[in-house]
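Chain by chain, the residues:
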Amino acid sequence: MATALALLGRAAALVTGAQRLLRGCGVGGSAEKCLSRGISTDERPKRPLTAYFRFLKENRSSFRQKNPEMSNVELVKKIAGAWKELPASQKQVYEEARKTDWQRYEQQLAAYKAQLTPTQAAALKEERRRRLAKRRSFRAKRELTVLGKPKRPRSGFNIFVSENFQESEGISPAAKLKQLFDAWRKLSSSQKQPYLQLAEDDKVRYENEMKSWEAKMVELGREDLIRTGKQRPKKKTAETANKAETAKAPSHENKAKLKLKKSEE
């Protein structure tokens, strides 16, 4: 009887896990992607907290009670200051707890990896690679924003959209974008010309600001952020620039189509 109950319990757990995995996969997802996602989120052991984050988690509520008027950022700064001033002997308590949890984590992780199939392991590795690449890209963009890198020049189509978006018809941003996209395609070359000229002016603005910004980066020792010779745009005549902008217009329209498609999904 006890054996039967145990088997029933294991079967129920398997069914529950399968249902949870299917809910996470949704319709149309690949089996490998769904399987790797379900395993990575539901079964993969969580990395233990560092000594500082243990201190933060343990003391956050008490600091909040003593400083109810502080914002979350101010509160975290205050806790960080308290951690910095904490005696080494007290910090060691949190560090020892981290080491103990880390040993347990390594054992659990080894057991977890051992039960993966080669396909699952490869899918999880690729998932992790994409996640790290996305994180690095976000950090790089944030750094450039903090350093004040000039905004890239707008295209004629971008300027047309920004100037007419509020007045365009449509009950949603996606509907407005679709209406503007259709309107842009119907414009004649002469009607597009003012927007294309503004785009050329914006390129000049961008180049001037980039020269000043790059000079500043050299002073800061950040030559790694300077464009190479291949990245610097070549000087164009007015006729050549007009042809180039006209040729690029379909590319911007395709991007608008892609955004519209994503918003409608």
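Residues numbered from 1 in each chain as written. Predicted model: local features only at pLDDT ≥ 70, side-chain atom pairs only at ≥ 80, totals over all residues. Heavy atoms only, no water.

Draft legend 1. Highlighting the packing of aromatic side chains. In total, this model carries 10 aromatic pairs according to the counting rule given. Ring centres 5.3 Å apart and planes at 50° place the aromatic pair phenylalanine 55 and tryptophan 83 in the tilted group. A residue pair is termed long-range when its members are at least 10 positions apart, and phenylalanine 55 in helix H3 (residues 51–66) and tryptophan 83 in helix H4 (residues 72–85) qualify at 28 residues. The class of phenylalanine 55 is buried, set by a relative accessible area of 5%. For tryptophan 83, a relative accessible area of 14% gives the class buried. (Phe/Tyr/Trp six-rings, centres within 6.5 Å; stacked < 30°, edge-to-face > 60°. Helix = DSSP H or I, 4+ residues; strand = E, 2+ residues; numbered from the N terminus. Buried < 20%, exposed > 50% of the residue type's maximum accessible area, 1.4 Å probe, protein only.)

Draft legend 2. Examining a positive patch on the surface more closely. On the surface, Arg47, Lys113, Arg128, Arg135, Arg139 and Arg142 cluster together to form a positively charged patch. When residues in the positive patch are grouped by element, the largest group, 4 residues, is from helix H6 (residues 118–146). (Patch = residues over 30% accessible without salt bridge, like charges linked within 9 Å, V, L, I, M, F, W, Y side chains within 5 Å. Areas by Shrake-Rupley, 256 points an atom, 1.4 Å probe, with all protein chains shown as cover. Salt bridge = Lys/Arg side-chain N within 4 Å of Asp/Glu carboxyl O. Lys, Arg positive; Asp, Glu negative; His and termini not counted. Charge placed at Lys NZ, Arg CZ, Asp CG, Glu CD.)

Draft legend 3. Here's a closer look at the pattern of salt bridges. Tallied over the full model, the rule gives 14 salt bridges. In this structure, aspartate 182 and lysine 178 form a salt bridge, with 3.5 Å as the shortest nitrogen-oxygen distance. Here lysine 178 and aspartate 182 lie together in helix H8 (residues 173–186), a separation of 4 residues that amounts to about one turn. Overall, the relative accessible area of 28% leaves aspartate 182 in the partly exposed class.

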